[in-house]
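Structure assessment
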2 protein chains.
Amino acid sequence: MEPLDQHSSKGELTRRRIIAEAAPVFNRQGYAGASMQDIMAATGLEKGGLYRHFSSKEELAVESFRYALAQSVKLRTHDLEHVEGAIAKLRCIVDRFIGTPSAVPGGCPLMNTAIDADDGNPALRRLAREGIEDWKKRIAAIVDRGRRTGEISREAVPRQVANTIVATLEGALMISRIEASRQALQDAAASLNVFLDALAPAARPAKKRAR
Amino acid sequence: MEPLDQHSSKGELTRRRIIAEAAPVFNRQGYAGASMQDIMAATGLEKGGLYRHFSSKEELAVESFRYALAQSVKLRTHDLEHVEGAIAKLRCIVDRFIGTPSAVPGGCPLMNTAIDADDGNPALRRLAREGIEDWKKRIAAIVDRGRRTGEISREAVPRQVANTIVATLEGALMISRIEASRQALQDAAASLNVFLDALAPAARPAKKRAR
């Protein structure tokens, strides 16, 4: 959320409080699964109070998802400029995800919304797609810079590295949640670290042996 | 589904048809998102007709998930005994998933149910957990046999290999669906093939260099 400025009113404050309190409900239960009753219980407001601030359940769901996504992106990628080196930056992205996979209760909002909105809500689907694109672009840009400085082999494909990191982390989170155990996240991180090591130019020749 | 035997009645046939027709609805929309109206539309039966065969929406959802899962497992792991070699078997599992990620319309039933039932339906959650465990056990058993025959390095950890393959494939499927593109699946498969190559004993020393 943006910091409050001088134009923020009491209404705006209430609107932001509703979003922050509704976000975990939508994140846990999905757009269809979260009822207005659930939102009323989480926010302590009557239906009329909610509709004074949001024109529809869909608008509230979209704003809640934007909020959850912003919290996650912040947690996953902030302050990376202080980490030296492309591979160390990528390693940091993996470590942070494993350490704190969910900024808002209910798991990764991207995964939840991608699955939930897949065949349903088009506004949420578009936001989830943009969120994944944005995350992948940040990773691909790090790989690209690493290739230009020579830290990462020219053979590494930034888009492939980004897809692999995001897929492995999100899939491991899914397994971890259903198993109620961190094992899958730890195993995925160990495999991703081997994968990241192999991005260095010195590591590439070993990969190119005949099968 | 089991083949019909002499005890199968018309009722049993109808029950099986309902399950097969309800499965894509639950898989696409989730347990909470699929209404009895949606199920009625998909099966062409009235509510009374459905409740003659299933005591509750939950029972129908559970049976539909069992059906979708059985179809997926069949597609992903059948006939693997005809593939020679542990790494070739693992490669085949990856290739099949990339080639036909979804046996029942709506994506991988494991992922959908894992996310959907995560904070909701306990019976579906248990089935999803068992489905993931079963898939991982099949992969870990292949790695274990490969270690015993010497095809796979003793340093490879079967559970870690299984978590990595399942996580990467499921995560890539999630990205592919939200992007409406096969790119993430193809990128994940390329990275998994490098990972599988590195399981061979000859490939291991290159991984153990000092960082």
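It should be noted that the structure appears before, not after, this text.
A brief structural summary. Here the structure is a predicted model, which means the values were calculated and not measured. (Residues numbered from 1 in each chain as written. Chains lettered and ligands numbered in written order. Predicted model: local features only at pLDDT ≥ 70, side-chain atom pairs only at ≥ 80, totals over all residues. Heavy atoms only, no water.)

Looking at the overall build of chain A
Threshold: The helix and strand labels rest on DSSP assignments: H or I over at least four residues marks a helix, E over at least two residues marks a strand, and numbering proceeds from the N terminus. Here the term buried applies to any residue with accessible area under 20% of the maximum for its type, exposed to any over 50%, and partly exposed to those in between, with areas from a 1.4 Å probe on protein chains only. In this analysis, two residues are considered to be in contact whenever any of their non-hydrogen atoms come within 4.5 Å of each other. Surface accessibility follows the Shrake-Rupley procedure with a 1.4 Å probe radius. Residue values consider only the protein chains on display as shielding.
Looking only at helices and strands, one finds 10 helices and 0 strands in chain A. When its helices and strands are written in sequence order, chain A yields α-α-α-α-α-α-α-α-α-α. Within chain A, the fraction of its 211 residues that count as buried is 54%. When contacts within chain A are restricted to residue pairs at least 6 apart in sequence, long-range pairs at least 24 apart make up 67% of them. With an accessible surface of roughly 9,500 Å², chain A has 52% of that area assigned to carbon and sulfur atoms.

A closer look at the relation of the copies chain A and chain B
Under the convention used in this document: Each copy is superposed on the other by least squares, with the fit set by C-alpha atoms of residues at a pLDDT of at least 70 in both.
Expressed as a screw operation, the relation of chain A to chain B combines 0.0 Å of axial shift with a rotation of 180 degrees, fitting to an RMSD of 0.0 Å. On the angle and the small slide along the axis, the relation comes out as a two-fold axis. Most of the interface of chain A is mirrored in chain B, where 98% of its interface residues again form contacts.

Quick notes on unusual backbone geometry
Residue and element names in this part refer to chain A. The backbone of Ala 180 sits at a positive phi, close to 50 degrees, despite the residue not being glycine. Examined against the element boundaries, Ala 180 turns out to sit in the loop between helix H8 (158-179) and helix H9 (183-197). Residue Ala 180 is classed as exposed on the basis of its relative accessible area, which comes to 65%.

Concerning the interface of chain A and chain B
The criterion, for reference: Defined here as a combined quantity, buried area equals the accessible surface (1.4 Å probe) lost by two parts on assembly, summed across both. Note on definitions: salt bridges are taken to be side-chain nitrogens of Lys or Arg within 4 Å of carboxyl oxygens of Asp or Glu.
Listed by partner, the interface residues are 48 residues for chain A and 47 residues for chain B. Roughly 4,200 Å² is buried in total at the junction of chain A and chain B, and carbon and sulfur atoms are behind 58% of that figure. Contact with chain B buries area across many residues of chain A, yet Ile115(A), Met174(A) and Ile178(A) alone supply 17% of it, more than any other trio. Connecting chain A to chain B are 4 salt bridges. Notably, a salt bridge pairs Arg159(B) with Asp187(A), separated by 2.8 Å at the nearest N-O pair. Put simply, the parts of the chain that give the side of chain A that touches chain B at least two residues each are helix H1 (10-33), helix H6 (109-116), helix H7 (122-149), H8, H9 and helix H10 (204-207) of chain A. Take the side of chain A that touches chain B: its biggest share by element is 15 residues, from H8(A).

Points about the packing of helix H4 (residues 57-77) of chain A against helix H5 (residues 86-99) of chain A
Residue and element names in this part refer to chain A. Counted only if it meets this: Orientation is described by axes fitted as lines to C-alpha atoms, over the contacting stretch for helices, and by angles from 0 to 180 degrees between their N-to-C directions. Should an angle lie under 35 degrees it is considered roughly parallel, over 145 roughly antiparallel, and from 65 to 115 roughly perpendicular; all remaining angles are considered oblique. Gly falls in the polar group here, along with every residue not listed as nonpolar (Ala, Val, Leu, Ile, Met, Phe, Trp, Tyr, Cys, Pro) or charged (Asp, Glu, Lys, Arg).
Between H4 and H5, the least distance of the axes is 8 Å, while the angle of their chain directions is 125 degrees. In terms of orientation, H4 and H5 fall into the oblique class. On the side of H4, the interface is formed by Leu 75, Arg 76 and Thr 77, while H5 contributes Ile 93, Arg 96 and Phe 97. Residue composition of the contact of H4 with H5, grouped by class: 3 nonpolar, 1 polar and 2 charged.

Some words on the pattern of salt bridges
Residues and elements named next belong to chain A. Inspection of the entire model under this criterion finds 26 salt bridges over all chains. Residue Glu 130 is joined to Arg 126 by a salt bridge in which the shortest nitrogen-to-oxygen separation is 3.2 Å. With Glu 130 and Arg 126 both in helix H7 and 4 residues apart, this pair spans about one turn of that helix. According to the relative accessible area criterion, Glu 130 is partly exposed, its value standing at 40%.

Things to note about the environment of Ala128(B)
Assignment of secondary structure puts Ala128(B) in helix H7 (residues 122-149). Considered as a pair, Ala128(B) and Ser153(B) are 25 residues apart in the sequence and their alpha carbons are 31 Å apart. Leaving out residues up to four positions away in the same chain, Ala128(B) has contacts with Ile178(A), Phe65(B), Leu110(B), Thr113(B) and Ala114(B).

Things to note about H5(A)
Residues and elements named next belong to chain A. Applied cut-off: Helix span, expected: 1.5 Å multiplied by one less than the number of residues in the helix.
Compared with the 20 Å implied by 1.5 Å per residue over 14 residues, the 20 Å span of H5 between its first and last C-alpha is a close match. With respect to burial, H5 is a largely interior element, 10 of its 14 residues being buried. Along H5, the residues that are buried comprise Ala 86, Ile 87, Lys 89, Leu 90, Arg 91, Cys 92, Ile 93, Val 94, Phe 97 and Ile 98.

Shape is all these values report; function is a separate question.
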